[in-house]
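Given next are the chains, with one letter for each unit.
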There are 2 protein chains.
Amino acid sequence: MTRISDLPTPALIVDRQKFDGNVAKMAAVRPGLSLRPHIKAHKSTTLAAQLAAVGHTAFTCATPREVIGMAQAGLGTDLLLANETVDVSRLRAMAAMLNTRSSELVRITVAIDSEITASLAAENGIKDVLIDVNVGMPRCGIAPERAAALASYAVSLGLNVRGVMGYEGHLMAVADRDEQRVKVRSAMGVLVQCFDDVRLVSGNDCTIISAGGTGTFDLYDPSDPVLARVNEVQAGSYALMDSHYGNLDLPFEQALYVVGTVISVSDSWAVIDVGLKSLGMDHGNPTIAGASVWFCSDEHITFSMKDGQPLPNVGDRVLVQPAHIDPTIALHETMHIADQIPAIGVQSGENGNGGKEVGGKVVGGKVIDAWPVNLRHW
Amino acid sequence: MTRISDLPTPALIVDRQKFDGNVAKMAAVRPGLSLRPHIKAHKSTTLAAQLAAVGHTAFTCATPREVIGMAQAGLGTDLLLANETVDVSRLRAMAAMLNTRSSELVRITVAIDSEITASLAAENGIKDVLIDVNVGMPRCGIAPERAAALASYAVSLGLNVRGVMGYEGHLMAVADRDEQRVKVRSAMGVLVQCFDDVRLVSGNDCTIISAGGTGTFDLYDPSDPVLARVNEVQAGSYALMDSHYGNLDLPFEQALYVVGTVISVSDSWAVIDVGLKSLGMDHGNPTIAGASVWFCSDEHITFSMKDGQPLPNVGDRVLVQPAHIDPTIALHETMHIADQIPAIGVQSGENGNGGKEVGGKVVGGKVIDAWPVNLRHW
């Protein structure tokens, strides 16, 4: 039996029970195709297959590499590239996936927000598109008043317009949920109006209104005439969560850690082999339960213990909670799936489950599986 | 001929002329073995081979993976793991490299800062060690007053103590060079005293005093009785530089960029396909010459232009300067080596070198080589 303490570090570990709990909580609110899980958070076809198994068989991707890898893994029945690309080679590579299996098995829809993204999609073999609408966040997406014209243009090129998407990413982290609800409704009002305009110039297959994320997953109130029309939510982080989203009032639990090994201990601090190259740092420092993180270096975290707790020993394992899971996972090749992860951050043989020797201390947590992070890069 | 605009993006590119200039400037101040270049900044044996070609044939590594990869690439005549490890498998894997070639071709020295790191090194086949001394930065390194005792212990285990190292990392970014010089001299006074103590209990092969980095490379004044005794500098970032070090008064030029493609343009901003998964973010946002970076998302940067300059067009290429190169490079598989990189950040066909079409605009900069980032992970 492999335990967490047997893993070479730094290593990503996923708490199986928390992952399963997160998946179940989401599926209860957004079952089946009402959720289009985002792949970018974890970039793993093995994880995606777990979501397909509970009914979420349509997926959202951020890169052509994700789209192609999902199709190759047999998870391509309804893939959305929720992003623009003008890369002719990659457009063709995605289009090639449509021809390698029967059309029932692979469907690829690409977001467009300009005439050039539409024409490149059409010229390079893409059949299905979604009109990406700017609903308030300054990133991709066409201005709402121009959405219908773009749809007309896409139709004129022979593209099938399946609907609209509008990611209200600027509202994901609004801490006050009532305030968030009001703002999301306003943004979705814009998106729904765009859909109605786009629908007028598109065919009967124009049915999708896709939006949202983990921070807004339960705000598409089925009794609200606007919000009820959002028929897909693009949440991805919910399955593994992170301490950034963890600060919001959401029912999902953090299920992803980076496990490190203590390599040096001084009078007032200890150092583990987890650092900038194993952690996404855009949301700030990671956290260690019971400890104060001093700073991160390329391959190290320096930390001290809170509340007079003793420092760990060299060889002890430490659980690190990354502030942002997406860029953290992108730095690793494998997620190790663990059972019975201990609740505490720093676990030594002495106060843990009965350790034996340095480098081989027993830490609660059986490693029961390994999921490759196989959709990295672009 | 491949041009920068032919590369799939995001892509790392290295300015060959600036890289060569940086290497030459460093070699003039710290020639040959007086520099032990750090591999962690770039994790590329191809880049390391360029440094060996100008005489720097001893290298510094941060991970066992780097040590093993360098040895496998034939660059292992004098490798220092300037970091502690208690991973028995990896210690054995490093030791195995000592036996796969004749001993003149591979030498591996491991930093130790505790009895346990010493004994694990000895038990698992490591022969050479350096006593890692804390010279003021709270990370690894034994307290100076205990360095000689650790050396005695290592000798008692049969280890060959080659000397001391002390990384004054807390002084790398002191902006005032006079203040920095005073502080570095103080830290090196501690290290040199440790060396003298360690030398008394070690053999004649105890000769190394290793310290420093890019931010202090020229402060080991040969006329100063203390500083002159530092006989190795562990600089690594200097070869490619980044905007963090670039803010200091150093002679090295930033030679590494991430090139992106504009995928969306709105009235007041544009978006490129470079984001958190292609940029180390611990030092903050990247910079784009002539532009204001608004924010980074997983796969995007949103930016506007300064000084009333027009926004680029969809399909244009943009050069992004990462704030910290080490974790940036760790996210990529390849560095593309380019000639004649344009000085400006945003390069469109219209104001550039005569573009042809979206997705294929010509941007100054021939791609002349590709260096794999082949020492990633641990």
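One structure accompanies this document, and this report is about it.

Thresholds applied
- Residues numbered from 1 in each chain as written.
- Chains lettered and ligands numbered in written order.
- Predicted model: local features only at pLDDT ≥ 70, side-chain atom pairs only at ≥ 80, totals over all residues.
- Heavy atoms only, no water.
- Helix = DSSP H or I, 4+ residues; strand = E, 2+ residues; numbered from the N terminus.
- Rg over C-alpha atoms; globule rule 2.2 N^0.38 Å.
- Buried < 20%, exposed > 50% of the residue type's maximum accessible area, 1.4 Å probe, protein only.
- Contact = heavy atoms within 4.5 Å.
- Areas by Shrake-Rupley, 256 points an atom, 1.4 Å probe, with all protein chains shown as cover.
- Lys, Arg positive; Asp, Glu negative; His and termini not counted.
- Charge placed at Lys NZ, Arg CZ, Asp CG, Glu CD.
- Buried area = accessible area lost by both parts, 1.4 Å probe.
- Salt bridge = Lys/Arg side-chain N within 4 Å of Asp/Glu carboxyl O.
- Nonpolar A, V, L, I, M, F, W, Y, C, P; charged D, E, K, R; others polar.
- Pairing = 2+ DSSP bridges.
- Phe/Tyr/Trp six-rings, centres within 6.5 Å; stacked < 30°, edge-to-face > 60°.
- Axes fitted to C-alpha atoms, helices over the stretch in contact; angles between N-to-C directions.
- Least-squares fit on C-alpha atoms with pLDDT ≥ 70 in both.
- Parallel < 35°, antiparallel > 145°, perpendicular 65-115°, else oblique.
- Left-handed = near helix turned anticlockwise from the far one by under 90°.
- Polar contact = N/O pair within 3.5 Å; in protein donor to acceptor, adjacent residues only side chain to side chain.

## What to know about the overall build of chain A
Next, step 1: Scanning chain A from terminus to terminus reveals nine helices and 16 strands.
Next, step 2: Taking 21 Å as the expected radius of gyration for a compact globule of 378 residues, we find that chain A reaches 22 Å, a close match to that expectation.
Next, step 3: Oriented by its inertia axes, the alpha-carbon framework of chain A measures out at about 70 × 45 × 35 Å.
Next, step 4: Per-residue burial over chain A gives 62% buried out of 378 residues.
Next, step 5: Across chain A, contacts joining residues at least 24 apart in sequence account for 71% of those joining residues at least 6 apart.
Next, step 6: Counting only carbon and sulfur atoms, one obtains 50% of the accessible surface of chain A, whose full area is about 12800 Å².
Next, step 7: Averaging the positions of the 30 positive and the 41 negative side-chain charges in chain A gives two centres separated by 4 Å.

## Topic: the interface of chain B and chain A
Next, step 1: With 58 residues of chain B at the interface, the matching set in chain A holds 58 residues.
Next, step 2: Summed over both partners, the interface of chain B with chain A buries about 4300 Å², with 63% contributed by carbon and sulfur atoms.
Next, step 3: Contact with chain A buries area across many residues of chain B, yet R139, K277 and W378 of chain B alone supply 16% of it, more than any other trio.
Next, step 4: Remark: the boundary between chain B and chain A carries four salt bridges.
Next, step 5: A salt bridge links K40 of chain A to D298 of chain B; the nearest nitrogen and oxygen atoms lie 2.7 Å apart.
Next, step 6: For the side of chain B that touches chain A, the secondary structure elements donating two or more residues are α5 (115-123), β9 (256-265), β11 (291-296) and α9 (325-329) of chain B.
Next, step 7: Top contributing element to the side of chain B that touches chain A by residue count: β9 of chain B, with four residues.
Next, step 8: Class assignment of the residues belonging to the side of chain B that touches chain A gives a composition of 24 nonpolar, 19 polar and 15 charged.

## What about the sheet that holds strand β2 (residues 58-61) of chain B?
Next, step 1: Spatial strand order, β2-β3-β4-β5-β6-β7-β8 (chain B): seven strands in an open sheet with parallel pairing. What marks the edges here is a single partner per strand, and that holds for β2 and β8 (232-233) of chain B.

## Things to note about the packing of aromatic side chains
Next, step 1: In this structure the tally under the stated criterion is eight aromatic pairs over all chains.
Next, step 2: On the numbers, 5.8 Å between centres and 50 degrees between planes, the contact of W269 of chain B with W294 of chain B is tilted. One end of the pair, W269 of chain B, is in the loop between β9 and β10 (270-272); the other, W294 of chain B, is in strand β11, and 25 residues separate them in sequence.
Next, step 3: Clustering of aromatic rings is evident, with ring pairs tying together F217, Y238 and F252 of chain A.

## Observations regarding the sheet that holds strand β5 (residues 128-132) of chain A
All names here are of chain A.
Next, step 1: Here seven strands make up an open sheet; going across it, the order is β2-β3-β4-β5-β6-β7-β8 and the pairing parallel. The open sheet is flanked by β2 (59-61) and β8 (232-233), the only strands paired with a single partner.
Next, step 2: The pairing of strand β6 (residues 160-166) with strand β7 (residues 208-211) spans four bridges and is parallel. If you follow G166 over to β7, its bridge partner there is A211.
Next, step 3: Here helix α6 (residues 147-156) sits on the sheet in contact with β4 (108-112), β5 and β6, set at roughly 165 degrees to β5.

## Some details on the relation of the copies chain B and chain A
Next, step 1: When chain B is fitted onto chain A, the two copies agree to an RMSD of 0.0 Å after a turn of 180 degrees and an axial shift of 0.0 Å. Viewed as a symmetry operation, the transformation between the two copies matches a two-fold axis. In terms of C-alpha distance to the rotation axis, chain B has M281 of chain B as its closest residue, with the C-alpha 2.8 Å off the axis.
Next, step 2: A high fraction, 100%, of the interface residues of chain B reappear at the interface in chain A, so the copies pair face to face through one surface.

## Re the pattern of salt bridges
Next, step 1: A complete count under the given rule lists 32 salt bridges over all chains for this structure.
Next, step 2: For E299 of chain B, the salt bridge identified is with K43 of chain A, shortest N-O distance 3.4 Å. In this pair, E299 of chain B sits in the loop between β11 and β12 (301-305) while K43 of chain A sits in the loop between α1 (16-29) and α2 (45-53), so the two residues belong to two different chains.
Next, step 3: Overall, E299 of chain B belongs to the buried group, its relative accessible area being 3%.

## Points about unusual backbone geometry
Residue and element names in this part refer to chain A.
Next, step 1: The amide bond that connects T9 to the next residue, P10, takes the cis arrangement and shows omega of 0 degrees.
Next, step 2: With respect to the helices and strands, P10 occurs in the segment before β1 (11-15).
Next, step 3: In the Ramachandran plot, D307 falls in the positive-phi region, its phi being about 55 degrees despite a non-glycine side chain.
Next, step 4: When you line up the elements, D307 lands in the loop between β12 (300-305) and β13 (317-320).
Next, step 5: You will see that H377, though not glycine, has its phi angle at about 65 degrees, which is positive.
Next, step 6: Here H377 is to be found in the segment after β16 (366-372).

## Considering the packing of α1 of chain A against α2 of chain A
All names here are of chain A.
Next, step 1: Interhelical geometry of α1 versus α2 gives an angle of 45 degrees and a closest axis separation of 11 Å. Considered as vectors, α1 and α2 are oriented oblique to each other. Once α1 is placed against α2, the crossing between them reads as right-handed. From α1, R16, F19 and V23 reach across to α2, where they touch L47, Q50 and L51.
Next, step 2: Its residues assigned to classes, the contact of α1 with α2 comprises four nonpolar, one polar and one charged.

## Here we look at the side chain of D15 of chain B
Residue and element names in this part refer to chain B.
Next, step 1: Here D15 shows up in strand β1 (residues 11-15).
Next, step 2: One buried charged residue, D15, forms no salt bridge at all, with the nearest opposite charge on K18 at 4.2 Å.
Next, step 3: At a separation of 3.1 Å, a polar atom in the side chain of D15 contacts the main-chain amide nitrogen of Q17.
Next, step 4: When near neighbours in sequence (up to four residues on either side) are disregarded, D15 contacts A255, Y257, A338 and I341.

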